[in-house]
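Fold and geometry: a report
If you want the building blocks of each chain, they are given just below.
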Amino acid sequence: MSDITVGMEIVAIKSHKKNYFKRYDTFPARGVESLCSCPKKWINIGIAQTCNTLKCKKCGTKHRNDTGFMWFSESYFRPIDDIDISDVDSVLQEDFFEFIERT
Ligand SMILES: [Zn+2]
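Predicted, not measured: the structure shown is a model, and the values here were computed from it.

About the cut-offs
Residues numbered from 1 in each chain as written. Predicted model: local features only at pLDDT ≥ 70, side-chain atom pairs only at ≥ 80, totals over all residues. Pairing = 2+ DSSP bridges. Helix = DSSP H or I, 4+ residues; strand = E, 2+ residues; numbered from the N terminus. Axes fitted to C-alpha atoms, helices over the stretch in contact; angles between N-to-C directions. Buried ≥ 20, exposed ≤ 12 C-beta atoms within 10 Å, placed from the backbone. Contact = placed C-beta atoms within 7 Å.

A short note on the pairing of strand S1 (residues 9–12)
Note that S1 and strand S2 (residues 26–28) share three bridges and pair antiparallel. Paired with valine 11 across the two strands is threonine 26, which belongs to S2.

What follows is the structure, encoded as structure tokens:
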């Protein structure tokens, strides 16, 4: 698993289902947090918040989001320096975070 840290340039390895970003879009990682009990991190890429509660589909944790920004599963992203685009399909993983309530 890649280690994304704050300030790192990252690339989306697949498009978000709700079109918040597209595959190959790049962003600086503005926040990296553990918001549930899973080893995966949640990533803030500077997209304004549209929902106020996050739920992890894997462990069931609900997290109130007061940050003003959206948070996405790190499985969407890789550090740009790490990525081998030809290998993207082999590293795709299910995104299991979702927003369940609207503000
Ligand atoms: Zn979880």
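Quick look at the sheet that holds strand S3 (residues 31–33)
Reading across from one edge, S3-S4-S7 is the order of the three strands in this open sheet, with antiparallel pairing throughout. One side of each edge strand has no neighbouring strand; the edge strands of this open sheet are S3 and strand S7 (72–73).

What about the sheet that holds S2?
Taken in spatial order, the three strands line up as S2-S1-S8 in an open sheet, and their pairing is antiparallel. Looking at which strands have only one partner, the edges of the open sheet turn out to be S2 and strand S8 (77–79). For this sheet, the mean inter-axis angle between neighbouring strands, taken without regard to orientation, is 35 degrees.

Considerations on the environment of tyrosine 20
Tracing the backbone shows tyrosine 20 in the loop between S1 and S2. For tyrosine 20, a count of 17 C-beta atoms within 10 Å gives the class partly exposed. Along the primary structure tyrosine 20 and methionine 70 are separated by 50 residues, whereas in three dimensions their C-alpha atoms are 9.2 Å apart. If sequence neighbours within four positions are ignored, tyrosine 20 has contacts with Ile47 and Met70.

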